[in-house]
Amino acid sequence: MAKTYDVVVIGGGPAGYVAAIRCAQLGLETACVEEWINFKGDPALGGTCLNVGCIPSKTLLESSEQYHHLRHGMGAHGIHVEGVRLDLDKMMARKDDIVLQLTNGIGALFKANGVEWLQGHGKLLAERQVEITARDGSVEVVGADNVIVATGSRPIDIDAARVDNAEGLIVDSTGALDFRKVPETLGVIGAGVIGLELGSVWNRLGSKVIMLEAVEDFLVLADQQVAREALRQFKKQGLDIRLGARVIATQKTAGGVEVSFKDKDGEQKITVEKLLVSVGRRPNTDNVAAPEAGLLLNEGGFIHVDDRCEANLPGVYAIGDVVRGPMLAHKGSEEGIMVAENIAGQHGHLNYDAIPWVIYTNPEIAWVGRTEQALKSAGIPYKVGSFPFSANGRAKAMDAANGMVKILAHAQTDALLGCHIIGPFASELVQEAVLALEFHASSEDLARTIHGHPTLYEAVHEAALSVHGRALHKINT
Ligand code: FAD
Ligand code: NAD
């Protein structure tokens, strides 16, 4: 007789492990099936985010930024630094150590909360049975009153540039987080979030980075005023971003990879030492459910779910990258909490309109809510307020007075509709707007809130004041 749990979660990334912990907190007997094998050859929790995504990328972004700042950013403060030297092995070892600390931490959280980790590949069978195939090939079947599928995503492959991380010439994000030498030239296919973040890492460490982006517009999901400013600043930093450039073929050579692409000037070729392919990610649904389970997928291979993340089968849910919506760790985690609470009979919900986006470049880019172009095309009347960091005392003191805060509010009700930031610590500043949106605040609510001085948050305050033409530290137009 198969063991039966209240909940079995398939996948232990930020969606699945958070769902499992929340289920256990609510008194449900919970198991989590996870198959990840880490760089040491050990089973690991944490999924893409902790092992090869958010955490290692942010660790390298921080290290590379400190290196770059020491070499190029101290002079303005009157501090002369000599003899700065890069120890890439140590930088990588630090990243690996942080990844291990955090992924082991999830194991400890599972133990503390009583979540059972079933190691191996999980597959949904009919009637909420789950088959688990261990590394040694042994198979076990367990039953569950509820199954949460949280199997995540993986990089999209393109025929023109086949990834081989082991060879290390044409790589995906996992390969580009693990170069053991700074490449002289790095080609990047796709100037999206991963391309920009990892392109920035290697640019700061000394690579010449050339980015080939198929579409003509830059950062299409971002507010286009912010995107234009970002493009200007990234180009100034030496990132060679070519828009409207479609890669048609690659050829490995003695010195690296020859990349053929087409742009408005016709067919072109560049040769780079390494090539990163970062053209998006696709859901992991290939071997996640047996046909007799009857799990419905949609066109892109995502598991079909409703607003409460319920799939087409009773008691089966799906969360995180494997379902519609932005592929962001915090979105998956919040879906996990919502589903766990609904399984326990509570009233979990998620406000999909208040999910923050952050791109951890320098300057950082962050936003929440609607963009100006989205409001225009939806015909929603709006007012704009903005404030430049060049007029913010704290940003000046930090020598980081680039970029701006832009706030969009409804023209009639003044309800906050969106906040778009490019500048220092945008990742942190945006949280004020997330909270404001969650509480259905108006721009006047933000404008009437006392902000400490001198802080970067004053730029958010001033942008809110500027919605009504009463910013105090800029000439109102
Ligand atoms: P995953 O994290 O992909 O986890 C899914 C887990 O399921 C994996 O551990 C996998 O082994 C397991 N699994 C899959 N199939 C099975 C199966 N059949 N049986 C057992 N186990 C299975 N997002 C952010 O919000 N902020 C960032 O800064 C950020 N940076 C990123 C940087 C990079 C380089 C990358 C690649 C991604 C980044 N992301 C970031 C995106 C983020 O990593 C994902 O949105 C997030 O990991 C999705 O969580 P998930 O739990 O849905 O899936
Ligand atoms: P992306 O969707 O952000 O960017 C992919 C880019 O590749 C797009 O600009 C697209 O136009 C371009 N592209 C597609 N096909 C192409 C082709 N054949 N040639 C040239 N360009 C092409 O995807 P990504 O950068 O791979 O990241 C995947 C996901 O991971 C993101 O959507 C994001 O949700 C998540 N992520 C988030 C963070 C963060 O939150 N800071 C960081 C990294 C990744």
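Quick caveat: nothing in here was measured; it's all calculated off a predicted structure.

1. Brief notes about the overall build of the protein chain
- Scanning the protein chain for helices and strands turns up 13 helices and 22 strands.
- Computed over C-alpha atoms, the radius of gyration of the protein chain comes to 24 Å, within 12% of the 23 Å expected from 2.2 N^0.38 for 477 residues, which places it in the range of a compact globule.
- The buried share of the protein chain, taken over its 477 residues, is 51%.
- Here the contacts in the protein chain between residues at least 6 apart in sequence split such that 62% fall between residues at least 24 apart.
- Averaging the locations of the 44 positively and 59 negatively charged side chains of the protein chain gives two centres separated by 6 Å.

2. Some thoughts on the site of ligand 1
- Residues in close proximity to ligand 1 total 35 residues, the closest being Glu-34, Thr-48, Lys-58, Gly-122 and Asp-321.
- Within the backbone of Cys-49, an N or O atom sits 3.3 Å from an oxygen atom of ligand 1.
- When isolated, ligand 1 has an accessible area of 990 Å², and the protein chains bury 93% of it.
- Here the element with the most residues in the shell around ligand 1 is helix H2 (residues 47-52); it accounts for 4 residues.
- When the residues that make up the shell around ligand 1 are grouped by side-chain class, the tally is 14 nonpolar, 16 polar and 5 charged.

3. Points about the environment of Met-398
- Tracing the chain through its elements places Met-398 in the loop between helix H10 (393-397) and strand E21 (404-410).
- Along the primary structure Met-398 and Pro-424 are separated by 26 residues, whereas in three dimensions their C-alpha atoms are 8.9 Å apart.

4. Quick look at the domain arrangement of the protein chain
- Taken domain by domain, the protein chain comprises domain 1 (4-155 + 282-350), domain 2 (170-279) and domain 3 (356-466).
- Between the C-alpha centres of domain 1 and domain 2 there is a distance of 28 Å.
- With 19 residues of domain 1 at the contact, the number on the domain 2 side is 15 residues.
- Buried area between domain 1 and domain 2, both sides added, is near 1400 Å², and the carbon and sulfur share of it is 65%.

5. A word on helix H3 (residues 54-72)
- Compared with the 27 Å implied by 1.5 Å per residue over 19 residues, the 26 Å span of H3 between its first and last C-alpha is a close match.
- The elements touched by buried residues of H3 are H2, helix H4 (88-113) and helix H6 (193-204).

6. Considerations on the side chain of Glu-273
- When you line up the elements, Glu-273 lands in the loop between strand E14 (266-272) and strand E15 (274-277).
- A distance of 2.9 Å separates polar atoms of two side chains, one belonging to Glu-273 and the other to Lys-181.
- Excluding residues that lie within four positions of it along the chain, Glu-273 makes contacts with Leu-169, Lys-181, Pro-183, Glu-184, Thr-185, Gly-255 and Gly-256.

7. Some remarks on the site of ligand 2
- Close to ligand 2 lie 19 residues; Ile-194, Glu-213, Gly-280, Met-327 and Val-358 are nearest.
- One of the backbone N or O atoms of Gly-280 is found 2.8 Å from an oxygen atom in ligand 2.
- A distance of 2.7 Å is found between a nitrogen atom of ligand 2 and a backbone nitrogen or oxygen belonging to Val-358.
- The leading source of residues in the shell around ligand 2 is H6, at 3 residues.

Criteria and cut-off values
- Residues numbered from 1 in each chain as written.
- Chains lettered and ligands numbered in written order.
- Predicted model: local features only at pLDDT ≥ 70, side-chain atom pairs only at ≥ 80, totals over all residues.
- Heavy atoms only, no water.
- Helix = DSSP H or I, 4+ residues; strand = E, 2+ residues; numbered from the N terminus.
- Rg over C-alpha atoms; globule rule 2.2 N^0.38 Å.
- Buried < 20%, exposed > 50% of the residue type's maximum accessible area, 1.4 Å probe, protein only.
- Contact = heavy atoms within 4.5 Å.
- Lys, Arg positive; Asp, Glu negative; His and termini not counted.
- Charge placed at Lys NZ, Arg CZ, Asp CG, Glu CD.
- Near = heavy atom within 4 Å.
- Polar contact = N/O pair within 3.5 Å; in protein donor to acceptor, adjacent residues only side chain to side chain.
- Areas by Shrake-Rupley, 256 points an atom, 1.4 Å probe, with all protein chains shown as cover.
- Nonpolar A, V, L, I, M, F, W, Y, C, P; charged D, E, K, R; others polar.
- Domains from an automatic or database assignment.
- Buried area = accessible area lost by both parts, 1.4 Å probe.
- Expected span 1.5 Å × (residues − 1).

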